[in-house]
Amino acid sequence: MPQITRANPGATVPGDLGEIMLVIAGADLGDTIYLGYTANYAAYVHYGARGNAPRPWVTMVAQRWTAIVAAKAAEVKQRLGL
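This is a predicted model, so every value here is computed, not measured.

### So, helix α2 (residues 57-80)
So, step 1. The largest bend along α2 reaches roughly 60° and is located at R64.
So, step 2. A positive backbone phi angle near 70° is found at G81, which sits one or two residues after α2.

### Some points on the pattern of salt bridges
So, step 1. This structure, assessed with the given rule, holds two salt bridges.
So, step 2. Of the charged contacts in the structure, one is a salt bridge between E75 and K72, with a shortest N-O distance of 3.1 Å. One end of the pair is E75 and the other is K72, both in helix α2 and three residues apart, which spans about a single turn.
So, step 3. E75 is paired through a salt bridge with R79; the nearest N and O atoms lie 2.7 Å apart. One end of the pair, E75, and the other, R79, are both in helix α2, four residues apart, so they sit about a helical turn from each other.
So, step 4. A cluster of three or more residues bridged by salt bridges with shared partners is formed by K72, E75 and R79.

### Here's the deal with unusual backbone geometry
So, step 1. The backbone of R50 shows a phi angle near 50°, a positive value even though the residue is not glycine.
So, step 2. If you trace the backbone, R50 turns up in the loop between α1 (42-47) and α2.

### Things to note about the environment of V58
So, step 1. Along the chain, V58 falls in helix α2.
So, step 2. Along the chain, V58 and A42 lie 16 residues apart, while their C-alpha atoms are 8.9 Å from each other.

### Focus: the confidence of the model for the protein chain
So, step 1. Per-chain confidence: the protein chain averages 75 in pLDDT, with 62% of residues scoring 70 or above.
So, step 2. In this model residues 18-23 is a low-confidence stretch, pLDDT under 50, and it forms 19 contacts with partners more than four residues away in sequence or in other chains.

Parameters at a glance
Residues numbered from 1 in each chain as written. Predicted model: local features only at pLDDT ≥ 70, side-chain atom pairs only at ≥ 80, totals over all residues. Heavy atoms only, no water. Bend = angle between axes of the 7 residues up to and from the residue. Helix = DSSP H or I, 4+ residues; strand = E, 2+ residues; numbered from the N terminus. Salt bridge = Lys/Arg side-chain N within 4 Å of Asp/Glu carboxyl O. pLDDT = per-residue confidence, 0-100. Contact = heavy atoms within 4.5 Å.

Written as structure tokens, this is what we have:
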């Protein structure tokens, strides 16, 4: 499983991030899938640091997740002729 690197330049990483991982292999329909990031600068970008404004990309992706999955499912169906 990918692990987050907590050495983020210029930003303190909140302790409540917990274990961040990506789990897909072996998932069945209806299973919960956990997505995360492993870039060591991810929290720096998400929360902002060194005078840079936050860019909450994790939150924005989470808000769009249903639409992202629907678009990719439609793409796969089209490729398979379903």
